[in-house]
Amino acid sequence: TDGLSTYMRRLLTGYAVAYNLRHKRHGHLFQNRYKSIVCEEDVYFQELVRYIHLNPLRAGQVKSLSELNGYPWCGHAVLAGQMDYQWQDKAYVLAVFGSIQSKAVEAYQRYMQEGISISEGGPLEPERAEFDMENIDSKAVNGNERIMGSPEFIERIISEADEHTKQCINSEEHFLQVELEVKSTCKQNGISIKELKSGSRRGPVSRTRGELAYRLVEDYGVSITEAGRQLGVSTSGISRILSRKSS
């Protein structure tokens, strides 16, 4: 999940920068940061799937489950068998509802309908959403991620995370490695740090800057903002370098 979270944050940041450049705007594009949840299987996973896929209904984007079946902007339509996105792993989700796909789709649809119907079968209200965080054990981690599951599951995940943290280099050591990478590459290419950060367009300088921008973001996982600080380039400049590299 750590690798996926890093990839998603990098993807969303890159997209926001590219979008702002294209439309001559600035500032945040997405309301909140990407957040991942470590979730135990069985009922917790099912509840989370239902909560996410009923969001368009709660928000008033669609008025019924049948209308949600054709809604293209969430994963429900694929699980309901009405659409097919090759990148969506519907088999994994449907396996929770049954071993035979056709039966699993039916069970999934019944489960979704149960989430809509409350008390006398009235419309789903946001404050009465079937997915109730207060009734499901969860724990905040590092202020932005959550673990959802039984107390035993939460304890095991935290224990594994603590062990993983011990094996990881701390942020200070990480940035030291980044700075050493910049200095080493500049020395190999015969340019100074001062010239690198000066905005010089001299051939060797531009090539070194492009090489380092790609390496810092892709190999070291630093943010576009931090890469820009290390190389004396704006975030939009880093974004353009990365776009040229990937094209």
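Residues numbered from 1 in each chain as written. Predicted model: local features only at pLDDT ≥ 70, side-chain atom pairs only at ≥ 80, totals over all residues. Heavy atoms only, no water.

## Details of the overall build of the protein
Then comes step 1: Counting its regular elements, the protein contains 13 helices and 3 strands.
Then comes step 2: For the protein, the residues scored as buried account for 34% of the 247 residues in total.
Then comes step 3: Across the protein, contacts joining residues at least 24 apart in sequence account for 48% of those joining residues at least 6 apart.
Then comes step 4: If you sum the accessible surface of the protein, you get close to 15900 Å²; carbon and sulfur atoms cover 50% of it. (Helix = DSSP H or I, 4+ residues; strand = E, 2+ residues; numbered from the N terminus. Buried < 20%, exposed > 50% of the residue type's maximum accessible area, 1.4 Å probe, protein only. Contact = heavy atoms within 4.5 Å. Areas by Shrake-Rupley, 256 points an atom, 1.4 Å probe, with all protein chains shown as cover.)

## Regarding the pattern of salt bridges
When the charged atoms of two side chains lie near each other, side chains of opposite charge can form a pair.
Then comes step 1: The tally for this structure, following the rule as stated, stands at 5 salt bridges.
Then comes step 2: For arginine 202, the salt bridge is made with glutamate 195, and the minimal N-O distance between the two is 2.9 Å.
Then comes step 3: For arginine 202, a relative accessible area of 39% gives the class partly exposed.
Then comes step 4: Glutamate 211 is the salt-bridge partner of arginine 215, the closest N and O atoms lying 2.3 Å from each other. Of this pair, arginine 215 and glutamate 211 both sit in helix α11 (residues 203-218), 4 residues apart, which is roughly one turn of that helix.
Then comes step 5: Within the structure, one salt-bridge network assembled from shared partners comprises Glu181, Glu211 and Arg215. (Salt bridge = Lys/Arg side-chain N within 4 Å of Asp/Glu carboxyl O.)

## A short note on the packing of aromatic side chains
Then comes step 1: Per the counting criterion, the structure on display carries 4 aromatic pairs.
Then comes step 2: The interplanar angle of 10 degrees and the centroid separation of 5.1 Å between the aromatic rings of tyrosine 85 and tryptophan 87 together place this pair among those described as stacked.
Then comes step 3: Of the residues examined, tryptophan 87 reaches a relative accessible area of 70% and is grouped as exposed.
Then comes step 4: By way of ring pairs, the aromatic residues Phe97, Tyr108 and Tyr111 are connected into one cluster.
Then comes step 5: Seen from the ring of tyrosine 111, arginine 50 lies directly overhead, with NZ or CZ sitting 3.7 Å from the centre. (Phe/Tyr/Trp six-rings, centres within 6.5 Å; stacked < 30°, edge-to-face > 60°. Lys NZ or Arg CZ within 6 Å of the ring centre and 35° of its normal.)

## Brief notes about the packing of α11 against helix α12 (residues 224-231)
Then comes step 1: Where α11 meets α12, the closest approach of the two axes is 10 Å, and the angle between their N-to-C directions is 145 degrees. In the packing of α11 onto α12, the handedness of the crossing is right-handed. Counting all contacts with α11, which are made through Arg209, Leu212, Ala213, Leu216 and Val217, the residues of α12 involved are Ala227, Gln230 and Leu231. (Axes fitted to C-alpha atoms, helices over the stretch in contact; angles between N-to-C directions. Left-handed = near helix turned anticlockwise from the far one by under 90°.)

## As for the confidence of the model for the protein
Then comes step 1: Taken over all residues, the pLDDT of the protein has a mean of 76, while the share at 70 or more is 66%.
Then comes step 2: Looking at the elements of the protein, mean pLDDT is at its lowest for strand β2 (residues 138-141), recorded as 47, and at its highest for helix α5 (residues 76-79), recorded as 95.
Then comes step 3: Across residues 119-136, confidence stays below pLDDT 50; counting only partners more than four residues off in sequence or on other chains, it has 31 contacts.
Then comes step 4: Low pLDDT, under 50, characterises residues 138-145; the predicted model gives this stretch 16 contacts beyond four residues in sequence or across chains. (pLDDT = per-residue confidence, 0-100.)

## Quick look at the environment of glutamate 106
Then comes step 1: Examined against the element boundaries, glutamate 106 turns out to sit in helix α7 (residues 101-116).
Then comes step 2: On the basis of relative accessible area, glutamate 106 is assigned to the partly exposed category, the value being 41%.
Then comes step 3: Taking the C-alpha atoms as reference, glutamate 106 lies 8.0 Å from alanine 80; in sequence the two are 26 residues apart.

## Brief notes about the nonpolar core
Then comes step 1: Formed by 20 residues in total, the largest nonpolar core has its most connected members in Leu68, Phe97 and Tyr108.
Then comes step 2: When contributions to this core are tallied by element, the ones reaching two or more residues are α2 (43-53), α4 (65-68), α6 (90-94) and α7.
Then comes step 3: If one sorts the elements of this core by residue count, α7 sits on top with 7 residues.
Then comes step 4: When neighbours within four sequence positions are excluded, phenylalanine 97 is seen to be in contact with Gln46, Ala104, Ala107, Tyr108 and Tyr111.
Then comes step 5: Formed by 17 residues, the second largest nonpolar core is a distinct cluster that contains Ile191, Leu216, Leu231 and Ile241. (Core = buried A, V, L, I, M, F, W, Y, C linked by side-chain atoms within 4.5 Å.)

## A closer look at the side chain of histidine 53
Then comes step 1: Tracing the backbone shows histidine 53 in helix α2.
Then comes step 2: Within polar-contact distance, the side chain of histidine 53 engages the side chain of tyrosine 108 at 3.1 Å.
Then comes step 3: With near-sequence residues (within four places) excluded, histidine 53 lies in contact with Leu68, Cys74, Gly75, His76, Leu79, Tyr108 and Met112. (Polar contact = N/O pair within 3.5 Å; in protein donor to acceptor, adjacent residues only side chain to side chain.)

## Remarks on the environment of glycine 210
Then comes step 1: Tracing the sequence through the fold places glycine 210 in helix α11.
Then comes step 2: Separated by 28 residues in sequence, glycine 210 and isoleucine 238 place their C-alpha atoms 8.2 Å apart.

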